[in-house]
Amino acid sequence: MLREFLLTLSHSKTARNVITQFPLARSVSARFVPGETVADAIRVIRELNGHGLNVTVDHLGENVTTEAEAARAADDYVTLLTEIAASGGHSHISLKLTQFGLDLGESICFANLRRVLDKARAIQTFVRIDMESTDYTDRTLALIRAAKDAGYDNIGAVIQAYLYRSEADIESLSNAGIRVRLCKGAYQEPPEWALPLKKDVDANYIQLAHKLLAAAKQNPALYPGLATHDEKMIAAAKTFVAANGVPPSAFEFQMLYGIRRELQQSLVAEGYQVRIYVPYGAEWYPYLMRRLAERPANLWFFASNFFRR
Ligand SMILES: Cc1cc2nc3c(=O)[nH]c(=O)nc-3n(C[C@H](O)[C@H](O)[C@H](O)COP(=O)(O)OP(=O)(O)OC[C@H]3O[C@@H](n4cnc5c(N)ncnc54)[C@H](O)[C@@H]3O)c2cc1C
């Protein structure tokens, strides 16, 4: 119930205006969002690379309402890619199509996406399209396919284990040679679309991870990303790859900046590839609310900071 409440707040303009005015909220968000500028992102990429971690950077933003904002979002990513290349750091990028104008029309969004894909390809970088709520699933997958058909091999999708449709989506993405990041899913979805019970989402995650890992053994280009901080999911993947001879080079684990840092490092020490999702920018409010919703215990972190002041 608290999860639903926090996810509802993540869409509320009023709540956003109130909460983002508190300096405390900004300082709490710093646990998950290391800064607002490109320079902050580059600093963190270099730090994480130095610890043997790969990175994907997200310039925060979603649901823009004008073409100018959508074009600016693409410009910002082109600048980010230029700066990453100049810095000598290594990072992929992650972005949301509603940030590139998906609510304004597919053709506007695709034109912005192409600019970023071109720049990323020029510096040999991979572009992951984050998955948003089910309002966007079909359109997001269709634009990813269109990009792949247009010759962009540097684009990948995200599949959410809480959706009933995900097994079929994985099958068709794998057939099309499109890389998948598997996550549990972070949005509020109706029971017609999404498994309502966490234990069922977890069981589906394991089943889908096995499917992706088996496909990657046959076709290393599929290189799945298993995005989770859940030790049970990670243990299930490790057991599967050991039993089926899937090499650690065929896949990677992915985690969010600021969550389970010791687990990130221990996986690297065991020889697995690990990528950290690093969000930066001023639009941190909905991202923070989703992180609080995933783990309402984070609210205690919020509260303890409040009382410490
Ligand atoms: C790299 C990456 C990319 C993602 N991209 C997307 C996307 O495109 N679309 C989408 O819908 N979702 C995305 N997610 C979010 C994902 O769907 C889940 O909501 C989130 O990862 C929590 O699920 P979990 O697998 O970690 O398991 P859970 O069962 O939620 O958590 C397992 C354990 O991980 C730790 N943990 C999990 N979340 C938090 C948190 N917020 N704060 C502190 N500890 C926590 C806790 O110790 C918890 O007990 C992404 C997640 C990652 C890691």
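Further up the page is the structure itself.
For clarity, every value in this text was computed on a predicted model and none was experimentally measured.

Colleague: I would appreciate a short explanation of the sheet that holds strand S6 (residues 225-227) in the present structure.
Modeller: Within a sheet, each strand pairs with its neighbour through backbone hydrogen bonds, oriented either parallel or antiparallel. The sheet built from eight strands closes into a barrel, its strands ordered S1-S2-S3-S4-S5-S6-S7-S8 with parallel pairing. If you compare each strand with its neighbour and ignore which way they point, the axes differ by 30° on average. Inspection of the sheet shows strand S5 (residues 179-183) paired to S6 by two bridges, in the parallel sense. Each residue of the ladder has a partner; that of leucine 182, found in S6, is leucine 226. Contacts from helix H5 (residues 67-87) reach strand S1 (54-59), strand S2 (92-95) and strand S8 (274-280), with the element oriented near 165° to S2.

Colleague: So what exactly am I meant to see when it comes to the nonpolar core here?
Modeller: A general trend in soluble globular proteins is that nonpolar side chains are found buried together. One finds Ile93, Leu95, Phe100, Leu113, Leu182 and Leu226 to be the most contacted residues of the largest nonpolar core, which totals 77 residues. Apart from residues lying up to four places away in sequence, leucine 226 is in contact with Leu182, Tyr205, Ala209, Leu213, Ala237, Phe251, Glu252, Phe253 and Gln254. Core analysis: the second largest hydrophobic core is formed by 19 residues, Leu7, Ile19, Leu60 and Trp284 among them.

Colleague: I'm lost on the site of the ligand in this one. Help?
Modeller: Inspection of the region around the ligand gives 26 residues, with Gly185, Lys198, Thr228, His229 and Glu294 positioned closest. One nitrogen or oxygen atom from the side chain of glutamine 160 is found 2.9 Å from an oxygen atom belonging to the ligand. Threonine 228 has a polar side-chain atom sitting 2.6 Å from an oxygen atom of the ligand. Protein burial of the ligand: of its 930 Å² of free accessible surface, 89% is covered by the chains. Only strand S4 (155-160), S5, strand S7 (252-256) and helix H12 (285-294) provide two or more residues apiece to the shell around the ligand. Among the elements that take part in the shell around the ligand, S7 stands out by supplying three residues, more than any other. Residues of the shell around the ligand, tallied by class, amount to 10 nonpolar, six polar and 10 charged.

Criteria and thresholds
Residues numbered from 1 in each chain as written. Predicted model: local features only at pLDDT ≥ 70, side-chain atom pairs only at ≥ 80, totals over all residues. Heavy atoms only, no water. Pairing = 2+ DSSP bridges. Helix = DSSP H or I, 4+ residues; strand = E, 2+ residues; numbered from the N terminus. Axes fitted to C-alpha atoms, helices over the stretch in contact; angles between N-to-C directions. Contact = heavy atoms within 4.5 Å. Core = buried A, V, L, I, M, F, W, Y, C linked by side-chain atoms within 4.5 Å. Buried < 20%, exposed > 50% of the residue type's maximum accessible area, 1.4 Å probe, protein only. Near = heavy atom within 4 Å. Polar contact = N/O pair within 3.5 Å; in protein donor to acceptor, adjacent residues only side chain to side chain. Areas by Shrake-Rupley, 256 points an atom, 1.4 Å probe, with all protein chains shown as cover. Nonpolar A, V, L, I, M, F, W, Y, C, P; charged D, E, K, R; others polar.

By themselves, these figures tell us nothing about what the structure is for.
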